[in-house]
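Summary of the model geometry
If you want the building blocks of each chain, they are given just below.
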Amino acid sequence: LEATVADMEEAGITETDIEYLRATGNLANAYGLLNRHAEQRALLEKVLLVKTQQYGETHVELSRTIHNLALAFGSLGDVEEKLRLLQRSLALKVRHYGEGGFDNAVTHRALAGAFVELAEQYQDSWAVAECKQQSIVHSMAALKILKAQPNVLIHMGEIQRVLRSMQQTAAELAQLCDAQP
């Protein structure tokens with residue numbers, strides 16, 4: 001992918017070309033798979049800037065890049081920025097597609113995980129409980145969307161993963177509430 005992007009640049013294909021942006025986004029995601037998250041973040045920020053200039057702040061074309069950028073921030077330890085970006089990505093998707101759609105379910109699931117990660121940073125048990133509750137809310141939203149998909153059997157593995165995660169979070173929340181005076 002690095003060679004592809006370099007070849008495109010050498011051929012005079014610029015940042016404003018959609019194929020260049022796709023290749024750069026794919027390279028960024030490959031960096032993420034290789035645990036090169038700082039490079040991933042830098043490329044995704046560049047892609048997002050160009051897409052924002054081309055499409056505007058509220059175009060759905062930004063949502064996937066924002067989602068991937070959120071994951072990069074999370075991998076770099078910035079859970080609050082991860083959460084903010086995932087919420088922004090979801091808002092763009094809902095604005096464009098409505099409440100349903102598999103991509104929305106994926107983002108709800110990522111938000112559920114981000115709230116669990118955020119809970120781990122808090123000492124205050126009420127803040128932890130609020131994060132766990134938000135995790136369950138987003139897990140439920142993901143389940144609702146996945147169950148409504150036309151080929152629900154294809155998504156059964158994802159449904160089971162969401163259910164297991166939600167059950168664990170609910171058990172942790174129950175323990176936390178039981179421990180409160």
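Described below are features of the structure shown in this document. Remember, predicted model here, so these are calculated numbers, not experimental data.

**Quick look at the packing of helix α7 (residues 125-147) against helix α8 (residues 156-179)**
Close contact between α7 and α8 brings their axes to 9 Å; oriented N to C, the two are set at 155 degrees. Compared by their axis directions, α7 and α8 come out roughly antiparallel. The way α7 lies across α8 gives a crossing that is left-handed. Of the residues belonging to the contact of α7 with α8, the class tally is 14 nonpolar, five polar and four charged.

**Digging into unusual backbone geometry**
The phi torsion at N35 lies on the positive side, around 60 degrees, for a residue other than glycine. Residue placement: N35 occurs in the loop between α2 (18-33) and α3 (37-55). A relative accessible area of 60% places N35 in the exposed class.

**Looking at the packing of helix α1 (residues 2-10) against α2**
Across the interface, α1 lies against α2 with an axial gap of 9 Å and an inter-helix angle of 155 degrees. In terms of orientation, α1 lies roughly antiparallel with respect to α2. Crossing handedness for the pair α1 and α2: left-handed. On α2, the residues that touch E2, V5, M8 and E9 of α1 are E19, Y20, A23, T24, L27 and Y31. Per-class residue counts for the contact of α1 with α2 are six nonpolar, one polar and three charged.

**Observations concerning helix α5 (residues 79-97)**
Helix length check: α5 (19 residues) gives 26 Å between terminal C-alpha atoms against 27 Å at 1.5 Å per residue, within 8%. Along α5, the residues classified as buried are V79, E81, K82, L83, L85, L86, S89, L90, L92 and K93. Buried residues along α5 sit against α4 (63-75), α6 (102-119) and α7. Note on α5: the residue one or two positions beyond its end, G98, has a positive phi of about 90 degrees.

**A look at the nonpolar core**
Across soluble globular proteins, you tend to see nonpolar side chains buried next to one another. Counting 29 residues, the largest nonpolar core has I66, L69, L83, L85 and L86 as its most contacted members. Those residues within four positions of L83 in sequence are excluded, and the remaining contacts are L111, A114, F115 and L118. If you look at the next biggest cluster of nonpolar residues, it comprises 11 residues, including L146, V162, M166 and L173.

**Some thoughts on the side chain of T107**
Considering the arrangement of structural elements, one finds T107 in helix α6. T107 gets classed as buried once you look at its relative accessible area, which sits at 0%. Side chain to side chain, T107 and K93 meet in a polar contact 2.5 Å long. Apart from residues no more than four positions distant in its own chain, T107 is found in contact with H67, L86, S89, L90 and K93.

**Remarks on α8**
Compared with an ideal rise of 1.5 Å per residue, which puts 24 residues at 34 Å, α8 spans 35 Å between its outermost C-alpha atoms and is within 8% of the ideal. All of the buried residues in α8 are E158, I159, V162, M166, T169 and L173. Of the surrounding secondary structure, the elements contacted by the buried residues of α8 are α6 and α7.

Criteria and thresholds
Residues numbered from 1 in each chain as written. Predicted model: local features only at pLDDT ≥ 70, side-chain atom pairs only at ≥ 80, totals over all residues. Heavy atoms only, no water. Axes fitted to C-alpha atoms, helices over the stretch in contact; angles between N-to-C directions. Helix = DSSP H or I, 4+ residues; strand = E, 2+ residues; numbered from the N terminus. Parallel < 35°, antiparallel > 145°, perpendicular 65-115°, else oblique. Left-handed = near helix turned anticlockwise from the far one by under 90°. Nonpolar A, V, L, I, M, F, W, Y, C, P; charged D, E, K, R; others polar. Buried < 20%, exposed > 50% of the residue type's maximum accessible area, 1.4 Å probe, protein only. Contact = heavy atoms within 4.5 Å. Expected span 1.5 Å × (residues − 1). Core = buried A, V, L, I, M, F, W, Y, C linked by side-chain atoms within 4.5 Å. Polar contact = N/O pair within 3.5 Å; in protein donor to acceptor, adjacent residues only side chain to side chain.

Any functional reading would require information beyond the geometric quantities listed.
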